[in-house]
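Listed below, chain by chain, are the residues.
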Amino acid sequence: SPAAVDEMTAVPGVTHALLHARSRQHERCLELRSIVGVYDIEARILSFFAYLARHIGRPEGAATRIPLRLEQRRVEEILSAGHTQATTAFRSLFQAGALIHDAAGWLVTCPPPNASSRETGSAPNTISSNGH
C-alpha cells in the first residue's frame, strides 16, 4: 500500500536494497528463460542444474549438492522438456555420472556448462557466501 511504501522509504537504504533485489530477480528470470530456450535437452538439463548449483548449491566432495527434493518429472515440466526426450537425457546423464538423484536432493558431479555467472547475468550465490 502507499502507506507501507512511505514507511519503508523512511528507513535508510531500504529503497536501494529493494531496487537491487528486484534487479537480481529480473536477471534470474532472464537466465531461466534462456535455459528453457536451449534446444538440446541434455544441455538444457545441465544448464538448469548449473543454475541451481550457483544459487543454492553446497560443495560435497568433488560435486555440488542441490538440496531440493525435486522429482525428475517436475524438472521436465519446469524446463518444458518432452517426457520421452527428457527421460533419455536424464538416463544418459545418470549413466555418465554427471547427475545423481538421491533422498537428499541432487548431486552435480560435472563442471557446469561453459557459461559463467558473469556471462549469464546471474547474481552470485549469496546464501553460501554469507556463511549461513
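Below or above, wherever it landed, is the structure these notes cover. Here the structure is a predicted model, which means the values were calculated and not measured.

Structural notes on a nonpolar patch on the surface
A contiguous nonpolar surface patch, about 250 Å² in accessible area, is contributed by Val5, Met8 and Leu18. Locating Met8 in the fold gives a position in helix α1 (residues 2-9). Since its relative accessible area comes to 37%, Met8 is described here as partly exposed.

Observations concerning the pairing of strand β2 (residues 63-66)
By the bridge criterion, three bridges tie strand β1 (residues 58-60) to β2 in an arrangement that is antiparallel. Each residue of the ladder has a partner; that of Pro59, found in β2, is Thr64. Between the end of β1 and the start of β2, which pair antiparallel, lie two residues, with Gly61 showing a positive phi angle near 65°. The pairing of β2 with strand β4 (residues 105-108) spans three bridges and is antiparallel. By the bridge assignment for β4, Thr64 is matched with Val108.

Some thoughts on unusual backbone geometry
Backbone phi values are negative for most residues with the exception of glycine, while trans is the configuration of most peptide bonds. If you check the backbone angles, Ser80 has positive phi at about 50° while not being a glycine. Within the fold, Ser80 resides in the loop between α4 (72-78) and α5 (83-96).

Here we look at the packing of aromatic side chains
Under the definition given, this model contains five aromatic pairs. Taking 5.6 Å as the distance between ring centres and 75° as the angle between the ring planes, the aromatic pair formed by Phe48 and Phe49 counts as edge-to-face. Note on Phe48: relative accessible area 5%, which makes it buried. By relative accessible area, which is 0% here, Phe49 ends up buried. Centre to centre, the rings of Phe90 and Trp106 are 5.9 Å apart; their planes meet at 35°, and the pair counts as tilted. On the criterion of sequence distance, the pair formed by Phe90 in helix α5 and Trp106 in strand β4 is long-range, its members being 16 residues apart.

Structural notes on the pairing of β4
Sheet topology places strand β3 (residues 99-102) next to β4; four bridges connect them, and they run antiparallel. In the sheet register, Asp102 faces β4, and the bridge partner there is Gly105. Linking two consecutive strands that pair antiparallel, namely β3 and β4, is a turn of two residues.

So, how was this worked out
Residues numbered from 1 in each chain as written. Predicted model: local features only at pLDDT ≥ 70, side-chain atom pairs only at ≥ 80, totals over all residues. Heavy atoms only, no water. Patch = residues over 30% accessible without salt bridge, like charges linked within 9 Å, V, L, I, M, F, W, Y side chains within 5 Å. Areas by Shrake-Rupley, 256 points an atom, 1.4 Å probe, with all protein chains shown as cover. Salt bridge = Lys/Arg side-chain N within 4 Å of Asp/Glu carboxyl O. Helix = DSSP H or I, 4+ residues; strand = E, 2+ residues; numbered from the N terminus. Buried < 20%, exposed > 50% of the residue type's maximum accessible area, 1.4 Å probe, protein only. Pairing = 2+ DSSP bridges. Phe/Tyr/Trp six-rings, centres within 6.5 Å; stacked < 30°, edge-to-face > 60°.

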